[in-house]
Amino acid sequence: YSMADYIDQRCGVNDWDASGNNLTSLELGAGLGLPSIVAAKHGFDGWATEMDETVLPLLKKNVQTNVLDNTVKVHTLDWNDDVNIHPNDLVNSDLILASELIYKDTKPYWSALISFLRRLRLSRQRQRQQQQPTNEEGR
């Protein structure tokens, strides 16, 4: 609840990007997806992802009920295997939302989470490098 409250009070799209471009969010371990829903209400498009497939039906229903313009996509995401969402969809996220991901018996997932975030960062760096013109192209 506190992350959603923070987004609601402080994170309008204009606070992030004055150009008016659609910004995207990626919520990890979304549960019922409240932060993604609140971000969507402030103009973010994005992904609400969840590793626990038993939670996905509730997450989908909650997003469908509360985000009427379909700007939030719900998807399963195993941090050990990020190929089930096209990498550009993940790499292009402007805001990563994560709260209460590791608790009690889920502590073994720490290394998977850290590895996933590193892969995400490296993919974004590679993508930015590919988008920069070379010296020859820039002339």
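Going by the structure above, here's the rest.
Trainee: Teacher, can you tell me more about the overall build of the protein here?
Mentor: A count of helical and extended segments in the protein gives seven helices and four strands. Put simply, the protein runs from its N terminus to its C terminus through helices and strands in the order α-α-β-α-β-α-β-α-β-α-α. Split into buried and exposed, the 139 residues of the protein put 36% on the buried side. Counted over contacts in the protein with a minimum sequence separation of 6, partners at least 24 positions apart contribute 67%. Looking at the protein as shown, the accessible area adds up to about 9,000 Å², and 48% of this sits on carbon and sulfur atoms.

Trainee: Is there a simple way to think about the sheet that holds strand β1 (residues 24–28) in this case?
Mentor: Adjacent strands of a sheet pair through backbone hydrogen bonds, lying either parallel or antiparallel. With respect to topology, four strands assemble into an open sheet ordered β3-β2-β1-β4, the strand pairing being parallel. Looking at which strands have only one partner, the edges of the open sheet turn out to be β3 (72–76) and β4 (95–98). Strand after strand, the sheet turns through a mean of 20° between neighbouring axes, direction not considered. Bridge count for β1 against strand β2 (residues 45–50) is four bridges, and the pairing is parallel. In the sheet register, L26 faces β2, and the bridge partner there is W47. Seen against the sheet, helix α6 (residues 110–131) touches β1 and β4 and runs at an angle of roughly 160° to β1.

Trainee: Where do I start with the pattern of salt bridges in this structure?
Mentor: For side chains of opposite charge, pairing can occur when their charged atoms come near one another. With the rule as written, the count across this model stands at one salt bridge. Across the pair R124 and D94 runs a salt bridge whose closest N-O atoms are separated by 3.9 Å. Here the residue R124 occupies a position in helix α6, and D94 occupies one in the loop between α5 (87–91) and β4, the gap between them amounting to 30 residues.

Trainee: Any chance you could explain the packing of aromatic side chains here in plain terms?
Mentor: Aromatic ring pairs: the centre-centre distance and the angle between the two ring planes describe each pair. Counting across every chain of the model gives zero aromatic pairs. Cation over ring: K73 sits above W47, and NZ or CZ is 5.4 Å from the ring centre.

Trainee: Could you clarify how one ought to interpret α6 in this entry?
Mentor: Residues spaced three or four apart along an α-helix face the same direction, because each turn holds 3.6 residues. Its 22 residues place the ends of α6 32 Å apart at the C-alpha level, agreeing with the 32 Å of an ideal helix rising 1.5 Å per residue. Within the sequence span of α6, burial applies to A112, L113, F116, L120 and Q127. For α6, the angular spread of the buried residues around the axis is 100°, confining them to a single face. Projecting away from the buried face of α6 at angles above 90 degrees are the exposed residues S111, R118 and Q129.

Trainee: How should the environment of E100 be read in this particular structure?
Mentor: Mapped onto the fold, E100 is located in the loop between β4 and α6. When its relative accessible area of 68% is taken as the criterion, E100 is described as exposed. Sequence spacing of E100 and A30 is 70 residues, and the spatial spacing of their C-alpha atoms is 9.5 Å.

Trainee: Teacher, can you tell me more about the pairing of β4 here?
Mentor: Taken residue by residue, a regular strand's side chains alternate between the two faces of the sheet. With burial as the criterion, only one face of β4 is covered, namely that bearing L95 and L97; the residues I96 and A98 on the opposite face remain uncovered. The pairing of β1 with β4 spans four bridges and is parallel. Bridge assignment links L26 to a residue of β4, and that residue is I96.

Trainee: Any chance you could explain the nonpolar core here in plain terms?
Mentor: Here is a general trend for soluble globular proteins: nonpolar side chains tend to be buried in one another's company. If you look at the biggest cluster of nonpolar residues, it comprises 13 residues, and the most contacted ones within it are L26, L28, W79, L101, L113, F116 and L120. Breaking this core down by element, the ones donating at least two residues are β1, α5 and α6. Sorting elements by how many residues they give to this core places α6 first, with four residues.

Parameters and conventions
Residues numbered from 1 in each chain as written. Predicted model: local features only at pLDDT ≥ 70, side-chain atom pairs only at ≥ 80, totals over all residues. Heavy atoms only, no water. Helix = DSSP H or I, 4+ residues; strand = E, 2+ residues; numbered from the N terminus. Buried < 20%, exposed > 50% of the residue type's maximum accessible area, 1.4 Å probe, protein only. Contact = heavy atoms within 4.5 Å. Areas by Shrake-Rupley, 256 points an atom, 1.4 Å probe, with all protein chains shown as cover. Pairing = 2+ DSSP bridges. Axes fitted to C-alpha atoms, helices over the stretch in contact; angles between N-to-C directions. Salt bridge = Lys/Arg side-chain N within 4 Å of Asp/Glu carboxyl O. Phe/Tyr/Trp six-rings, centres within 6.5 Å; stacked < 30°, edge-to-face > 60°. Lys NZ or Arg CZ within 6 Å of the ring centre and 35° of its normal. Expected span 1.5 Å × (residues − 1). Arc of directions from axis to C-beta. Core = buried A, V, L, I, M, F, W, Y, C linked by side-chain atoms within 4.5 Å.

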